[in-house]
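An overview of the molecular structure
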Amino acid sequence: MTSTTTAQTRIAEPATGPTAEVELLIGGMTCASCAARVERKLSRMDGVTAAVNYATEKAKVTYPEGVRVADLIAVVEKTGYTAAEPAPPEPEPDREPRPPAGRDPELAALRERLLVSVLLAAPVVVLAMVPALQFDNWQWLSLTLAAPVVVWGGLPFHRAAWTNARHGAATMDTLVSVGTLAAFGWSLWALFFGHAGMAGMHETFRFTVSRADGGMGGASSVYLEVASGVVALILLGRYLEARSKRRAGAALRALLELGAKDVAVLRAGREVRVPVASLAVGDRFVVRPGEKIATDGTVVEGASAVDASMLTGESVPVDVGVGDAVTGATVNAGGRLVVEAGRVGADTQLARMARLVEDAQNGKAEVQRLADRISAVFVPVVILIALGTFGVWLGVTGDTAAAFTAAVAVLIIACPCALGLATPTALMVGTGRGAQLGILIKGPEVLESTRRVDTVVLDKTGTVTTGRMSLQEVYAADGTDRDEVLRLAGALEHASEHPVARAIAAGAEERVGALPAADHFENVPGRGVRGRVEGREVAVGRLFDVVPEELAAARSRAEQEGRTAVLAGWDGVARGVLAVADTVKESSPEAVRALRALGLRPVLLTGDNRAVADAVARATGIDEVIAEVLPEDKVDVVRRLQREGGTVAMVGDGVNDAAALAAADLGLAMGTGSDAAIEAGDLTLVRGDLRVAADAIRLSRRTLATIKGNLVWAFGYNVAALPLAAAGLLNPMIAGAAMAFSSVFVVTNSLRLRTFR
C-alpha cells in the first residue's frame, strides 16, 4: 500500500474561522524527504494544514479564508516543485483511455534512460576492473562511453541536487550527483592534464593513496567506471520504485468504476438513457433484471431481489419492494424496479466508500525508507568529511593530487549504490518467489507490519466461504419421498432467476438428474413462486397456510445453523424444507490452524447475520465473531482493534472490504475477489486459497528481514570505510571496488529468497 509523509512541526497557529480544502497534484518529488519539505513549507502558512502523500504525489491542504489556491501553488513552486489542481473529470464518452502501466510515458522514459546507461556503463566497468582487457587508448573509449551516462543518464540526479541546493537542502540525489561528478571531473583532469591520457596507460590497483604521482599534473588514475556504474545502478533502483508507485490510487478507480455508467430515467412517462452523472435527487429511473442500480434511492414500483454482496457482504440477495431503500452499484437479480434517486454523486454509499479507502491509505504509518530519512544528515556530513579530508591532506603533505584523491575516495565510498538496491532487489526476488506460490507483494511499505501482526481479521463471504449459494440439505415430511420434493421444487425454481432458486435448481439437477418442465409459473412478490409441474400445483416459499410441526422444527434448526430455509410442497400442503447456504471452503479450517501457528488471533468479520457467522466459525475453529456490520463498521472494527494495541491483518475479497483492507496494518486480498479489494490490499492471494495467507505472512517477514539486512550492510560498510578513505588507506579505485562489492553482496543476499518454501 502507500504511505503519507507528515510533518508535525507547526510555526503558524491553526485557523479558527471557516476553512476550505483542496487537493493538489505535486510534481518533482524524488523521495519521502521531498514530501516532508513540501508539507513543512505549506504548513508554515498562517492557518494552513497540509498532508503530502509521496506515493500518490498528492497534497491535501486545508486553508482559511483569505488564502487562495494560487498562493498555495506559489509556495510549492518556490520550494522547488510543481503543483496544480486536478483536472475536472471529463464526460465518459469523451474520456481518453488510461494508458496501461507498462506504457506510462514517464516510466517508459526512465526505462529508456536505464537501458542506455547500462549498455554504455557495462564495458567501462569491465575494462577498468580487468587490466588484461586494457588495450592502447582504452581510457579514451571509456570516456566516450561514460560521458553520456554521467551527463544524460544522471541528469535526474543532477537536476534534483541543484534544486535542493538552491533551497538549502540535501538528499540522496545530492550525494549521487556530487560523487559521480567528482569522479568524472577528476577523470577528465587526469586524462587531459595528467598522465592518464597517454597511450599505453594501464590502470593500476593500489590499496592506499600514494604521493608517487607527485602533483596534479601527475594524476594517472581515472574513475570513469565508478561515475558511470553508480548512475546505472541507482537508475535501476529508481526504475523499480517508480514502477510500483504507478499502482497508487488504483483502489479508488476500481471502486468508482463499479457504478453504472448510464441509466434509464423516466421523463414524461418515457425511458430516456442519460449518463449517471446527470441524475438529480428526485429523478425516477428504471432498473431491469441484471442491471446495476445507478444510485442510492427508494423503490417506488416493482419487487425484486437485490444482490448487495459487493457492498454489504451479505451472501443472500435481499428481497425489496415499494418503500425499500436500495444502494447504488448493487445488482438487480429479479424483476423490474422503478427507483427514486435519494443521493447522487459524492453523497452515495459508493463514493463514501471511495473516500474511506483514500483516508485509510493516507492514515497509514510512514513508509520505512531509512535511506531517505537519514539523508538530510548523512549527505552533508559526507561532503564535509570529503572537504575536511582534502584540507588536512593538502596541509600535511602539500600534495594536491593525493589530497584530491583521498577526498574523492571519501565521496565514492559513501555513494549510496547499495542503499538504492537494498530494497528493490529484495522486493523483486521476494515478489517473484511469491508469484510462484500464488502471493503478490505490492511494495516494501507493506512489509514492516508483518513482523508485528498479532490479529488477523477474516471476511466471511468469498474468503472463508465460497461466496456461492448451494443446496445443503433436504428435509421431507413423514411419508414423503425426499427426491420427489427436490425434483418438483427444483423444476419450479428452474424457471426463477433468484439466486436461492438457482441454488435449489442446480442442487436438484445434481442429485436427481433432469428436471421436468414447469408451466403457469407465477412469482408472488415477497412470498415465493408457484406453478404446475406434472399436473401438480407446486409452490416454493411462504405460500402455505399450514406447516406441519416436524417441518417447522426442521426449518428452525436450519436457520439456527445459519442456513436459508425454504418450504416446498404441492396441492396446498407443505411437503419439505430446502436448506440453502454459502459453503465453507475445504481449505479454511486448515488455514485457520496455520494462522494460529504463526501466533495470530483469528477474528471472523462479516455483514451476514449472527446465525450464519456462528455456523461458519464453528466449522473453521474461529472463536471470535463480529457479525452484521456495514462497510463503515468494518473499518471501525479494524481501528478499534488497533486502538486496543493490536497490529491487525485483514483478509477479504469484496468491494465492501476495500476500506478495511486499506485501514489495516496489513491487507491481504483474495485474488478471486473484486479489483477494488485487490488494489486496496497490501498482499494478494492469487489462488483465492486462505491457506496461502500464512505463507504470505511468512514470506513477507523473510523479505523484510532481507531488506533490513541489506540496509544494515549498506550503511555499515559506509560507516566503516569512511574513516579508512579519509586516512588515505583506500584510494578511489579500492573505494569503487568496495562500492561494487557492496552492491554484489546486497543482490546475492536478496537472491537467497528464491529458496523460500
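Each value, and the rule that gives it
- Residues numbered from 1 in each chain as written.
- Predicted model: local features only at pLDDT ≥ 70, side-chain atom pairs only at ≥ 80, totals over all residues.
- Heavy atoms only, no water.
- Helix = DSSP H or I, 4+ residues; strand = E, 2+ residues; numbered from the N terminus.
- Expected span 1.5 Å × (residues − 1).
- Buried < 20%, exposed > 50% of the residue type's maximum accessible area, 1.4 Å probe, protein only.
- Contact = heavy atoms within 4.5 Å.
- Pairing = 2+ DSSP bridges.
- Axes fitted to C-alpha atoms, helices over the stretch in contact; angles between N-to-C directions.
- Parallel < 35°, antiparallel > 145°, perpendicular 65-115°, else oblique.
- Nonpolar A, V, L, I, M, F, W, Y, C, P; charged D, E, K, R; others polar.
- Core = buried A, V, L, I, M, F, W, Y, C linked by side-chain atoms within 4.5 Å.
- Lys, Arg positive; Asp, Glu negative; His and termini not counted.
- Salt bridge = Lys/Arg side-chain N within 4 Å of Asp/Glu carboxyl O.
- Patch = residues over 30% accessible without salt bridge, like charges linked within 9 Å, V, L, I, M, F, W, Y side chains within 5 Å.
- Areas by Shrake-Rupley, 256 points an atom, 1.4 Å probe, with all protein chains shown as cover.
- Phe/Tyr/Trp six-rings, centres within 6.5 Å; stacked < 30°, edge-to-face > 60°.
- Lys NZ or Arg CZ within 6 Å of the ring centre and 35° of its normal.

Glancing now at helix 16 (residues 499-512). If you check helix 16, its first and last C-alpha atoms are 20 Å apart, about what 14 residues at 1.5 Å a residue would give, namely 20 Å. Within the sequence span of helix 16, burial applies to P499, V500, A501, A503, I504, A505, G507 and A508. Its buried side turned inward, helix 16 meets strand 16 (465-476), helix 15 (482-493), strand 20 (564-570) and strand 21 (573-584). Remark: G513 follows helix 16 within two positions and exhibits a positive phi of approximately 90 degrees.

Moving on to helix 5 (residues 155-166). Here helix 5 is 12 residues long and its end C-alpha atoms lie 16 Å apart, about the 16 Å a rise of 1.5 Å per residue gives. Those residues of helix 5 lying buried are F157, H158, A160, A161, T163 and N164. Positioned one or two residues after helix 5, G168 has a phi angle of 70 degrees, which is positive.

Bringing the pairing of strand 5 (residues 262-267) into the picture now. Consecutive side chains along a regular strand alternate between the two faces of the sheet. Note that strand 5 and strand 6 (residues 270-275) share 6 bridges and pair antiparallel. Paired with V265 across the bridge in strand 6 is V272. Here strand 5 folds back onto strand 6, and the loop between the two strands holds 2 residues, one of which, A268, carries a positive phi near 55 degrees.

Attention now goes to the sheet that holds strand 15 (residues 455-459). Strands sit in the order 14-26-25-24-15-22-23 across an open sheet of 7 strands; the sheet is mixed. The sheet terminates laterally at strand 14 (439-441) and strand 23 (624-626), the two strands that pair on one side only. Ignoring which end each strand starts from, the neighbouring axes of this sheet average 20 degrees apart. Bridging between strand 15 and strand 24 (residues 648-652) involves 4 bridges; their strand directions are parallel. Bridge pairing in strand 24 links L458 to V651. The strands touched by helix 19 (residues 610-620) are strand 22 (601-605) and strand 23; relative to strand 23, the strand with the most contacts, the crossing angle is about 155 degrees.

Glancing now at unusual backbone geometry. Trans is the prevailing form of peptide bonds, just as negative phi is the prevailing case for residues other than glycine. For E534, which is not glycine, the phi dihedral falls at a positive 50 degrees. Of note in this structure, D571 is not a glycine but carries a positive phi near 55 degrees. Relative to the elements of secondary structure, D571 occurs in the loop between strand 20 and strand 21.

Right, let's talk about the sheet that holds strand 10 (residues 318-320) for a bit. Hydrogen bonding along the main chain pairs the strands of a sheet, whether they run parallel or antiparallel. Strands sit in the order 10-9-12 across an open sheet of 3 strands; the sheet is antiparallel. A single partner strand is all that each edge strand has here, and the edge strands are strand 10 and strand 12 (331-332). The sheet contact formed by strand 9 (residues 304-307) and strand 10 spans 3 bridges and is antiparallel. The residue bridging S304 from the neighbouring strand is V320, located in strand 10.

Take the packing of helix 4 (residues 138-153) against helix 5 next. Contact geometry for helix 4 and helix 5: axes closest at 5 Å, N-to-C directions at 45 degrees. Compared by their axis directions, helix 4 and helix 5 come out oblique. Every residue of helix 5 that contacts helix 4 at V150, V151, W152 and G153 is listed here: L155, P156, F157 and H158. When its residues are assigned to classes, the contact of helix 4 with helix 5 shows 6 nonpolar, 2 polar and no charged.

Moving on: the nonpolar core. Ranked by size, the top nonpolar core spans 43 residues in total, and within it I441, L458, L595, L604 and L668 carry the most contacts. Sort the elements by how many residues they give to this core and helix 23 (residues 691-726) lands first, with 9 residues. In contact with L458, other than residues within four places in its own chain, are V464, V592, L595, P602, V603, L604, L605, I622, V651 and L690. Of all hydrophobic cores here, the second largest spans 32 residues; its members include V176, M201, L224 and A227.

As for its placement among the helices and strands, E493 is situated in helix 15. No salt bridge is formed by the buried E493; its nearest oppositely charged neighbour, R502, is found at 10 Å. E493 has contacts with A501, I504, A505, V529 and V540, leaving out every residue within four places of it along the chain.

Turning our attention to the pairing of strand 19 (residues 536-541). Bridge analysis of strand 18 (residues 528-533) against strand 19 gives 6 bridges, and the strand direction is antiparallel. Each residue of the ladder has a partner; that of R530, found in strand 19, is A539. Linkage of strand 18 to strand 19, two consecutive antiparallel strands, is achieved through a turn of 2 residues, within which E534 is found at a positive phi near 50 degrees. Pairing of strand 19 with strand 20 involves 3 bridges; the strand directions are antiparallel. Its bridge partner lying in strand 20, A539 is registered against G569.

Turning next to a nonpolar patch on the surface. Together, V126, M129, V130 and L133 line one region of the surface with nonpolar side chains, adding up to about 290 Å² of accessible area. Here V130 is to be found in the loop between helix 3 (105-129) and helix 4.

Bringing the packing of helix 18 (residues 588-597) against helix 23 into the picture now. Two elements in contact, helix 18 and helix 23, have axes whose closest approach is 7 Å; the angle formed by their N-to-C orientations is 25 degrees. It follows that helix 18 is roughly parallel to helix 23 by the angle criterion. Here E590, A591, A594 and L595 of helix 18 come into contact with helix 23, specifically with R691, A693, A694 and I697. Counted by class, the contact of helix 18 with helix 23 contains 6 nonpolar, no polar and 2 charged residues.

With that settled, consider the packing of aromatic side chains. This structure, assessed with the given rule, holds 2 aromatic pairs. Aromatic side chains W189 and F193 sit 4.7 Å apart centroid to centroid with 40 degrees between the ring planes, which places their arrangement in the tilted category. Of this pair, W189 and F193 both sit in helix 6 (residues 172-193), 4 residues apart, roughly one helical turn. You can call W189 partly exposed: its relative accessible area is 35%. Classification of F193 by relative accessible area gives exposed; the value is 55%. Lying over the aromatic face of W152, R113 brings its terminal NZ or CZ to 4.7 Å of the ring centre.

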